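Listed below are the residues making up each chain.
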Amino acid sequence: MAMVEDDPTWAAVDEQAESDDEDDALHKSGEQKVDFFVDKLGYDATKDPLTATVAKYASQGSFNAKIAVCTAIRAAAEYVTDDTTLDVFAQYTVSMACDPHMRVRYTALLALGQICHDQDPKFHERWHGQFVPRLIMASEDPVDRVAAMALGALEAMIADLDEAFVAAHADPILKMTVRKMQSSSNTAVLEAAMNLLGSMAAGMEGEFEPYYDELMPMFLGLVKRKDGAAASPKLRGKSFECVSLLGYAVGKQRFAPAFAQAMETILAVPLETDETSILLIDYIRDALERMCKVMGGDFAQFLPSMLPGIYAAIRPDSAVTQMRGEEEHADDEIAVDTDHGMMKVNTTQVEEMIAIVHLLAVFIKETGEKFFDFVGPTAQAMAGILTGSDEVMYLTSELRDTVYPCWAELVEVTRKAIASRGAEAQTQTVELVQTFVDKVGTDLNAADDPSDIAPMANGIASVVRNAGRGCLQPDQVKVICQMAVAEIGKSFQRDQILQQANAADAGRTGQGEDDDEEEEKDVEGEEEADCRVGLNAIFGACMAADPVVFVQQVWPGLQPTIEHWLTESKGPNRLLALHVAVDVCEQLQEQAVPIWPVFMEVVLACCTATDTDERQASGYVINLASEVPAFSEYAPRAFVSLGTSLKKFKAKKNSEESQAAQDNIVAGLANLSLKHPAQCPDVPGCWHKIIERMPFKEDTDEGKKTHRKMFAEAQKPNGGNLGSIAVLVMVLGYLAEIYGRVEHCDDDLKRDMARSFASLPESTLVQLVGQMTQKQKSRVERIVQDGRSMPH
């Protein structure tokens, strides 16, 4: 890593357009080896030689020795677990970020950004006071490559920093970033500046409004530009991204005027198919998704202009053509031998269709009942994908799989519209369900590939669950569940055959397999597991469709299988049983009480399982079961199991599974505390554990539900089951912190909180706010102002 030669042309290299300097390969090779050794040997074993070597090279003073130091720190940062070493490494990078040599500055900033990315928020809290001013200064570096890297490091620094700390640095960061946007013509600098502004908007949310009026006009101007560096497809796309992120930060009401302007510009963008235009369209698609989530039903006004083009663009037969003779296929096409000869598939076109259907699903979900008038033509367009020829269906199976959840969203729209549209919506719901179940159920029965069966099963489950009670006839409930049981049995048989074949192969060769063969077998096993999970979901959907028929006619035959799965100490079968337990508690509610003994003891034990999926499912079961008063029998042990889980396992920053497990354990503990406080051994202590792990990082939907429950309890006299004024203040203070943050606080909760706080007697408000933190006090002031400005 120290074998780096000085190169006077280094500053002019465009990293996005050309390869870096000649010694870059050696440099990267050294970095990879440091990463490899620390990973394989473990941090404890490599700590001493690593820190000694870093200190040795840091003392040499040469520019290439300093580069080696920063590179080694970057490679090892992910594995460092003690604060002392981490702080030493951070100090090295901070000091070298001001080095006279541009490449040292660049590499130090790269390492600094990597540390911020890899380490948890506590590191950010310790170092933001030193890092942020240095990074602001470094962002003004005369070398564009260095300045861009400083902006990237600054983004990494604030990404996991508490909103209050970000707000404290907001003025100097935003002033510097806007200045760079207005003065620089370097693509990398402009892109990094946009990324930073977007991250600031996302991180500050409710605190971002004071900066909105300055930034939004700037970005609206950029999306309309057709010349200059900022008009490149990527930077124009980043500008659309920033418009949507700013809208996400301030909410529907404030964003509405800019939203209309942005949509006018988007609808005027020509839909070209060259590579650069596709890049712009990808950014626009992401921005549309984000803006739709912000605007909700108000987005529907633009659907008539957009849907015809969407319907025309999702015809799978247009991506599949017959090959003629020795005809060659293009780079983005694949040739497939079928019963009807050689066919070629345009993979770029199929990927584009998949992205469009995904966006369509967002439109349907977020506009809700306002999509009702478009359900018919949308279902007709998607039916063309489900009912295509066998060859086209086979060759575009990923597109078909994308349609399943989209169809489920259509069903959700029609079901919710029954209250306002009556028989028309009821009839349409039943027709959508029957059309889907008949077609996809037939396809599932004929399928033998687990990668096909899993999405089909999940699709049936989602469609039936969204339609709700009465969408299936009693006989259909039995038949569908019997099909699921049979297919699960077939999956286990395929899995067993696969394992036997693997064992036989290993015995014949007498030696280990190569990595590709091992990976292929792992994938096959995972596909079978996913297949069984999808089939398992059908049980829950049928419970929702007809709980009486399920309990009386399906459960007696299913119970022995569930009991057998639960006897396993670990593995996929026990997880399947836990998923069934989730559905039983969610769909059957009080009717599930007689069934609880089948699984509840295992649920309590799995709260502390090493498997993250098992912990997540167990937390969710307790969350759901807590709603039933009869759960008081299990509540004392549930408190212990959930508390032990939080003490034993800390969510890993870069692990979605680990974070989702913690989110659901915390949600379970919150609901248990709300519904069964008499069994709680320490109410204030439980709420402290809950709030210090909120808001949720992964399961934000469950987080919103939990926030609503907390607010509802806080509304009761003396805080209801919260038990004391101290806990009430703790909960209200936390809710004030998430107020206005879109992914944690929906519009209804925001409105209700504002009206509630504004209606409090002044003496009560003063008493509550007097016990809150300064940050919470500031948030409450804003909430009260919002509430008092609302129409009565």
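Structure first, text after, so check above.
Calculation criteria
Residues numbered from 1 in each chain as written. Predicted model: local features only at pLDDT ≥ 70, side-chain atom pairs only at ≥ 80, totals over all residues. Heavy atoms only, no water. Helix = DSSP H or I, 4+ residues; strand = E, 2+ residues; numbered from the N terminus. Rg over C-alpha atoms; globule rule 2.2 N^0.38 Å. Buried < 20%, exposed > 50% of the residue type's maximum accessible area, 1.4 Å probe, protein only. Contact = heavy atoms within 4.5 Å. Areas by Shrake-Rupley, 256 points an atom, 1.4 Å probe, with all protein chains shown as cover. Lys, Arg positive; Asp, Glu negative; His and termini not counted. Charge placed at Lys NZ, Arg CZ, Asp CG, Glu CD. Pairing = 2+ DSSP bridges. Phe/Tyr/Trp six-rings, centres within 6.5 Å; stacked < 30°, edge-to-face > 60°. Lys NZ or Arg CZ within 6 Å of the ring centre and 35° of its normal. Salt bridge = Lys/Arg side-chain N within 4 Å of Asp/Glu carboxyl O. Polar contact = N/O pair within 3.5 Å; in protein donor to acceptor, adjacent residues only side chain to side chain. Axes fitted to C-alpha atoms, helices over the stretch in contact; angles between N-to-C directions. Expected span 1.5 Å × (residues − 1). Bend = angle between axes of the 7 residues up to and from the residue. Parallel < 35°, antiparallel > 145°, perpendicular 65-115°, else oblique. Nonpolar A, V, L, I, M, F, W, Y, C, P; charged D, E, K, R; others polar.

Colleague: If you had to explain the overall build of the chain to someone new, which residues and values would you point to?
Modeller: Each helix and strand in the chain was counted, giving 35 helices and three strands. Here the C-alpha atoms of the chain give a radius of gyration of 29 Å, agreeing with the 28 Å that 2.2 N^0.38 yields for 792 residues. The principal-axis extent of the C-alpha atoms belonging to the chain is close to 85 × 80 × 60 Å. Burial status across the chain gives 53% buried among its 792 residues. Restricting the contact set of the chain to residue pairs at least 6 apart, pairs at least 24 apart contribute 73%. Roughly 35,400 Å² of accessible area belongs to the chain as shown, and the carbon and sulfur atoms make up 51% of that amount. A gap of 7 Å separates the mean positions of the 72 positive and 124 negative side-chain charges of the chain.

Colleague: Requested: an account of the pairing of strand 2 (residues 333-338), with residues and values cited.
Modeller: Pairing geometry for strand 2 and strand 3 (residues 341-346), over six bridges, is antiparallel. Bridging across to strand 3, Thr338 finds its partner in Gly341. Linking strand 2 to strand 3, which pair antiparallel, is a turn of two residues.

Colleague: Mind laying out the side chain of Gln659, listing which residues take part and the relevant values?
Modeller: With respect to the helices and strands, the residue Gln659 is situated in helix 29 (residues 656-675). A residue is classified by how much of its surface remains accessible, and Gln659, at 10% relative accessible area, is buried. When near neighbours in sequence (up to four residues on either side) are disregarded, Gln659 contacts Ala651, Lys697 and Glu698.

Colleague: Give me the lowdown on the packing of aromatic side chains, citing residues and values where you can.
Modeller: Per the counting criterion, the structure on display carries 17 aromatic pairs. Where Phe36 meets Phe37, the ring centres are 5.6 Å apart and the plane angle is 75°; that geometry is what we call edge-to-face. Accessibility expressed as a relative area gives 45% for Phe36, which makes it partly exposed. Aromatic rings pair up to connect Phe255, Phe259, Phe299, Phe302 and Phe363 into one cluster. Looking at Arg145, its charged tip hangs above the ring of Trp10, at a distance of 4.0 Å from the centre. A cation over an aromatic ring shows up here: Arg615 above the ring of Phe649, its NZ or CZ 3.8 Å from the ring centre.

Colleague: Got a sec to walk through unusual backbone geometry? Specific residues and values, please.
Modeller: Following Met694, the chain continues to Pro695 via a peptide bond in cis, the omega torsion being 0°. By the element assignment, Pro695 lies in the loop between helix 30 (683-692) and helix 31 (700-714). At Gln589, a position not held by glycine, the phi torsion is positive, near 50°. The topology assignment puts Gln589 in the loop between helix 25 (572-588) and helix 26 (596-606). Although it is not a glycine, Asn718 adopts a positive phi angle of roughly 60°.

Colleague: Please give an account of the environment of Ile595 that cites residues and values.
Modeller: Mapped onto the fold, Ile595 is located in the loop between helix 25 and helix 26. You can call Ile595 buried: its relative accessible area is 6%. Along the sequence, Ile595 and Phe649 sit 54 residues apart, while their C-alpha atoms lie 29 Å from each other. Those residues within four positions of Ile595 in sequence are excluded, and the remaining contacts are Trp555, Val584 and Leu588.

Colleague: Which residues make up the pairing of strand 3, and what values do they have?
Modeller: Relative to strand 3, strand 1 (residues 320-322) runs antiparallel, the two being bridged by three bridges. Opposite Val320, over in strand 3, you have Val345 as the bridge partner.

Colleague: Now, about the pattern of salt bridges: what can you tell me, with residues and values included?
Modeller: For the coordinates displayed, the defined rule picks out 40 salt bridges. The salt bridge involving Asp99 is made with Lys66; its shortest N-O contact spans 2.5 Å. Taken together, the positions of Asp99 in the loop between helix 4 (83-96) and helix 5 (102-118) and Lys66 in helix 3 (residues 63-76) put the pair 33 residues apart, joining distant regions of the chain. Accessibility expressed as a relative area gives 8% for Asp99, which makes it buried. Put simply, Glu713 and Lys716 hold a salt bridge, and the shortest N to O gap is 3.1 Å.

Colleague: Can you explain the side chain of Arg779? Please cite residues and give values.
Modeller: Take Arg779: it is sitting in helix 35 (residues 774-789). Taking the relative accessible area as the measure of exposure, Arg779 reaches 1% and is therefore buried. Here the side chain of Arg779 touches Ala736 through a polar contact of 3.3 Å, landing on its backbone oxygen. At 2.4 Å, the side chain of Arg779 forms a polar contact with the backbone oxygen of Tyr739.

Colleague: If you had to explain the sheet that holds strand 3 to someone new, which residues and values would you point to?
Modeller: Taken in spatial order, the three strands of this open sheet run 1-3-2, and their pairing is antiparallel. The outermost strands of the open sheet, each flanked by one partner alone, are strand 1 and strand 2. Strand-to-strand, the axes of this sheet are offset by a mean angle of 30°, without reference to chain direction. The strands touched by helix 15 (residues 347-367) within the sheet are strand 2 and strand 3, with strand 3 carrying the most contacts at an inclination of about 55°.

Colleague: Any chance you could break down helix 8 (residues 163-183) for me, citing the residues and the numbers?
Modeller: In a regular helix each residue adds 1.5 Å, so 21 residues correspond to 30 Å; helix 8 covers 28 Å between its end C-alpha atoms and thus fits that length. Along its length, helix 8 shows its largest kink, about 55°, at Ala170, and proline Pro172 lies within four residues downstream of that point. Contact partners of the buried residues in helix 8: helix 6 (121-138), helix 7 (144-159), helix 9 (187-204), helix 10 (209-224), helix 32 (725-738) and helix 35.

Colleague: So what's going on with the packing of helix 3 against helix 5? Residues and values would help.
Modeller: Running from N to C, helix 3 and helix 5 point in directions that differ by 10°, and their axes come no closer than 8 Å. Judged by the angle between their axes, helix 3 and helix 5 are roughly parallel. Every residue of helix 5 that contacts helix 3 at Phe63, Lys66, Ile67, Cys70, Thr71, Ile73 and Arg74 is listed here: Arg103, Val104, Thr107, Ala108, Leu110, Ala111, Gln114 and Ile115. Here the contact of helix 3 with helix 5 is composed, by residue class, of nine nonpolar, three polar and three charged.

Colleague: So what's going on with helix 7? Which residues, and what values?
Modeller: End to end, helix 7 covers 23 Å across 16 residues, agreeing with the expected 22 Å (1.5 Å per residue, within 8%). With 12 of 16 residues buried, helix 7 lies mostly within the body of the structure. For helix 7, the full list of buried residues reads Arg145, Val146, Ala147, Ala148, Met149, Ala150, Leu151, Ala153, Leu154, Ala156, Met157 and Ile158. Where helix 7 is buried, its residues touch helix 5, helix 6, helix 8 and helix 9.

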